[in-house]
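Architecture and fold: a report
Below are the chains, spelled out letter by letter.
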Amino acid sequence: MAKLIFGMNLSLDGYVDHEAFAPDAVLFRHWIEHVQGLAGSVYGRRMYEIMRYWDEDHPEWTADHRDFAAAWRRLPKWVVSRSLASVGPNATLIADDLATAIRRLKDELAGEITVSGPKLAQSVTELGLIDEYRLYYHPHVLGRGTPFFAGSRPPLRLVASDRIGESVIRLTYVPA
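A few points on the structure. None of these values were measured; they are calculated from a predicted model.

1. Brief notes about the overall build of the chain
- A tally of helices and strands in the chain yields five helices and 10 strands.
- The C-alpha atoms of the chain give 16 Å as radius of gyration, which agrees with the globular expectation for 176 residues (16 Å, within 12%).
- Counting only C-alpha atoms and orienting by the principal axes, one finds that the chain spans roughly 40 × 40 × 30 Å.
- Out of the 176 residues in the chain, the part that is buried amounts to 46%.
- Summarising the internal contacts of the chain: among those between residues at least 6 apart in sequence, 70% fall at separations of at least 24.
- For the chain, the exposed surface amounts to about 9,100 Å²; the carbon and sulfur share of it is 51%.
- A gap of 3 Å separates the mean positions of the 20 positive and 22 negative side-chain charges of the chain.

2. Comments concerning the nonpolar core
- Among the nonpolar cores identified, the biggest contains 49 residues, and Leu4, Phe6, Val42, Trp54, Phe68 and Phe148 are the most heavily contacted of them.
- Tallying contributions element by element places helix H1 (residues 25-36) first for this core, with five residues.
- Contact partners of Trp54, with chain neighbours within four places excluded, come to Phe28, Trp61, His65, Phe68, Ala69, Trp72 and Arg73.

3. Description of unusual backbone geometry
- Even without glycine at this site, Asn90 takes up a positive phi of about 60 degrees.
- Its place among the elements puts Asn90 in the loop between strand E4 (77-80) and strand E5 (91-94).
- Unusually for a residue other than glycine, Asp97 sits at a positive phi of about 50 degrees.
- With respect to the helices and strands, the residue Asp97 is situated in the loop between E5 and helix H4 (98-108).
- For Asp97, a relative accessible area of 44% corresponds to the partly exposed category.

4. A word on the sheet that holds strand E9 (residues 156-164)
- Taken together, the eight strands give an open sheet; going across it, the order is E5-E4-E3-E6-E1-E7-E10-E9, and neighbouring strands pair in mixed fashion. Each of the sheet's edge strands pairs with one partner strand only, and the pair in question is E5 and E9. With strand direction ignored, the average angle separating the axes of adjacent strands in the sheet is 25 degrees.
- Pairing between strand E1 (residues 3-11) and strand E7 (residues 132-138): seven bridges, direction parallel. Along E7, the bridge assignment pairs Ile5 with Glu132.
- Against the sheet, H1 engages E1, strand E6 (112-116), E7, E9 and strand E10 (168-175), with an angle of about 160 degrees to E7.

Rules used throughout
- Residues numbered from 1 in each chain as written.
- Predicted model: local features only at pLDDT ≥ 70, side-chain atom pairs only at ≥ 80, totals over all residues.
- Heavy atoms only, no water.
- Helix = DSSP H or I, 4+ residues; strand = E, 2+ residues; numbered from the N terminus.
- Rg over C-alpha atoms; globule rule 2.2 N^0.38 Å.
- Buried < 20%, exposed > 50% of the residue type's maximum accessible area, 1.4 Å probe, protein only.
- Contact = heavy atoms within 4.5 Å.
- Areas by Shrake-Rupley, 256 points an atom, 1.4 Å probe, with all protein chains shown as cover.
- Lys, Arg positive; Asp, Glu negative; His and termini not counted.
- Charge placed at Lys NZ, Arg CZ, Asp CG, Glu CD.
- Core = buried A, V, L, I, M, F, W, Y, C linked by side-chain atoms within 4.5 Å.
- Pairing = 2+ DSSP bridges.
- Axes fitted to C-alpha atoms, helices over the stretch in contact; angles between N-to-C directions.

Right under this line is the structure:
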C-alpha cells in the first residue's frame, strides 16, 4: 500500500509561492531525488499547469534542471480537475469521485505518492487520506498568498525535522 504525502516549499509565515523564492542547489538536488523515488503524484489543476513547465526543454537549463525534468516526465501523474478536457504525457485525468480514485491509487501502488497543490491537499485532508505532511520552511516572510493549509488544520504529530541546504528546515508530521 502506498503512502500519500503532502509536501511543499513555504515561507516562514506559511505561504506557498513558487515565484517568491527558489530552492538552493542542495534543496533542488533533494527534490530531484525525491521525484525519482516516487510511485506517482496527484496534482490539482493549478499546480499541474505550473509544473507543465518541465514538459519542454529550455536552453538555459543546467544539468540539474534537465535531471529534474527527466524525473518529472517519467513520473506517473494524476490530475484532479473538472475544467480540463485532457492532460499531457504520462498523466491521467481524475474528473470526479476523488476519494475512490485516491484510495485506489493507495491500494494499487507501493511507495510514496505526493499530493501537489494546497487546495487539492485540503480536499484530500478532509477525506482523511494524507499519511504525512512535509513542510519545507524557507527564511522568507511573505505576508500574503496561498496558505500551505488551505482549509482547517488537522491535528498533527511531529515525527522528524531536518535541515536541507543552508537555510531550509523540513518538518515532517503525521495525523495525530
